[in-house]
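Below are the chains, spelled out letter by letter.
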Amino acid sequence: MIVRNVSRKSVLHTDESNLYTALGGEFASHETVKHSAKEYVRGDVHTNTVEGYFSIFKRGMKGIYQHCSEAHLHRYLAEFDFRYSNRSGVGVEDTERAAIIIKQAEGKRLTYRRAH
């Protein structure tokens, strides 16, 4: 899934898991941190961003949706991308977040299919 959806020009940062060894060769570069040796950051190499994002995604999936099919995964990820990019931790509070959501709906219509 990562190879299909992430630019090959990307720099991949992972922990030392063997799961990422072959995957890393698909990208511009692959840097790791060694969590087993208590290394969590080395220069600008870390996994904190993905761990923070995944934390929000996991809480939402367990607490709100409980299930997501692969066919709709991109929709769930888009929602959680929005949540992560517009969270209080980056200075976006509730009022501003609501305004952003409303602005994104501008010019769009929600339609329903009629029963035949």
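Enquirer: Can you lay out the pairing of strand E1 (residues 11-15) for me, pointing to particular residues and giving the numbers?
Expert: Of the two faces of E1, the one lined by Leu-12 and Thr-14 is fully buried and the one lined by Val-11, His-13 and Asp-15 carries no buried residue. Alignment of E1 against strand E2 (residues 29-33), held across 5 bridges, turns out to be parallel. Bridged to Asp-15 within E2 is Val-33.

Enquirer: Outline the layout of surface pockets, listing residues and values.
Expert: Roughly 870 Å³ of volume is contained in the largest pocket. For the largest pocket, the lining is made up of 25 residues, of which Ile-2, Val-6, Leu-12, Val-50 and Tyr-53 are closest to its centre. Of all the secondary-structure elements, those providing two or more residues to the lining of the largest pocket are helix H1 (2-5), E1, helix H3 (48-65) and helix H4 (73-85). It is H3 that provides the largest number of residues to the lining of the largest pocket, a total of 6 residues. Partitioned by chemical class, the residues of the lining of the largest pocket number 14 nonpolar, 8 polar and 3 charged.

Parameters at a glance
- All residue numbers refer to positions counted from 1 along the written sequence of the respective chain.
- Local features in a predicted model are, by the rule used here, given only for residues with pLDDT of at least 70; side-chain atom pairs are given and counted only at 80 or more, and totals for whole chains, interfaces and linings are based on all residues.
- Only hydrogens and water are set aside when side-chain values are computed; all heavy atoms of the structure are taken into account.
- Throughout, exposure labels follow a simple rule: accessible area from a 1.4 Å probe, protein chains only, divided by the maximum for the residue type, with under 20% read as buried, over 50% as exposed, and the rest as partly exposed.
- Secondary structure follows DSSP: runs of H or I at least 4 residues long count as helices, runs of E at least 2 residues long count as strands, and numbering of each begins at the N terminus.
- The criterion for strand pairing is that DSSP finds at least two bridges linking the strands in question.
- Here a cavity denotes grid points, spaced 1 Å and computed from the protein atoms alone, that fit a 1.4 Å probe unable to get out, and a pocket denotes an open set having protein on both sides within 12 Å along at least 5 of 7 lines; residues with an atom within 4 Å of a point are the lining.
- Grid points are joined across faces, edges and corners, and a volume is the space filled by probe spheres set on the points.
- Ten residues, namely Ala, Val, Leu, Ile, Met, Phe, Trp, Tyr, Cys and Pro, are considered nonpolar, four, namely Asp, Glu, Lys and Arg, are considered charged, and the remaining ones, Gly among them, are considered polar.

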